[in-house]
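Secondary and tertiary structure notes
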Amino acid sequence: MQEFKSIDELYNRVKPALYSKVQEFKRNHVSYIKEVDIWNYLSTTSWKRAESLSLGEMVSQIMSLSLTDMQTYVHDILRKQDREITGDGETLL
């Protein structure tokens, strides 16, 4: 199992897979999902609970991620940001 010195180093190793997934979403006419959104989603869901994930397993999870899951995640983040920005409990979405 390969060890990484930092989270940045790991991110840079999986960045081609993240980029590829973002391009797939763009081909499906969804351009607002960014590489960092996919990274944050998997980091806080699948990878947080996992032990000893290999680089291959991480790339596989990136590539098999559903558009629906990512849309839900990003929309939830946007709603939370809008609520915090307006401060009145109203959302723009």
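Residues numbered from 1 in each chain as written. Predicted model: local features only at pLDDT ≥ 70, side-chain atom pairs only at ≥ 80, totals over all residues. Heavy atoms only, no water.

Check the secondary structure of the chain and you find five helices and zero strands. Helices (α) and strands (β) of the chain occur, in sequence order from the N terminus, as α-α-α-α-α. The buried share of the chain, reckoned over its 93 residues, is 26%. Put simply, 58% of the contacts in the chain that link residues at least 6 apart link residues at least 24 apart. Roughly 6400 Å² of accessible area belongs to the chain as shown, and the carbon and sulfur atoms make up 49% of that amount. (Helix = DSSP H or I, 4+ residues; strand = E, 2+ residues; numbered from the N terminus. Buried < 20%, exposed > 50% of the residue type's maximum accessible area, 1.4 Å probe, protein only. Contact = heavy atoms within 4.5 Å. Areas by Shrake-Rupley, 256 points an atom, 1.4 Å probe, with all protein chains shown as cover.)

Further remarks concern the nonpolar core. Within soluble globular proteins, side chains that are nonpolar generally end up buried alongside one another. One finds Leu-18, Ile-33, Ile-38, Trp-39, Leu-42, Ile-62 and Met-70 to be the most contacted residues of the largest nonpolar core, which totals 20 residues. Of all the secondary structure elements, the ones that give two or more residues to this core are helix H1 (7-27), helix H2 (35-44), helix H4 (55-64) and helix H5 (67-86). (Core = buried A, V, L, I, M, F, W, Y, C linked by side-chain atoms within 4.5 Å.)

With that settled, consider the side chain of Asp-37. Positionally, Asp-37 belongs in helix H2. Of the side chains with opposite charge, Lys-34 lies nearest to the buried Asp-37, which makes no salt bridge, at 6.8 Å. Excluding residues that lie within four positions of it along the chain, Asp-37 makes contacts with Tyr-32, Met-70, Tyr-73 and Val-74. (Lys, Arg positive; Asp, Glu negative; His and termini not counted. Salt bridge = Lys/Arg side-chain N within 4 Å of Asp/Glu carboxyl O.)

Let us look at the packing of aromatic side chains. Tallied over the entire structure, the rule returns three aromatic pairs. On the basis of an interplanar angle of 80° and a centroid distance of 5.1 Å, the ring pair of Tyr-11 and Trp-39 is categorised as edge-to-face. With Tyr-11 in helix H1 and Trp-39 in helix H2, this pair connects stretches of sequence that are 28 residues apart. Trp-39 carries the same exposure label as Tyr-11, and that label is buried. (Phe/Tyr/Trp six-rings, centres within 6.5 Å; stacked < 30°, edge-to-face > 60°.)

For Glu-57, the location among the structural elements is in helix H4. Residues Glu-57 and Trp-47 lie ten residues apart in sequence; the distance between their C-alpha atoms is 10.0 Å. Engagement of the side chain of Glu-57 in a polar contact is seen with the backbone nitrogen of Ser-54, the distance being 2.7 Å. (Polar contact = N/O pair within 3.5 Å; in protein donor to acceptor, adjacent residues only side chain to side chain.)

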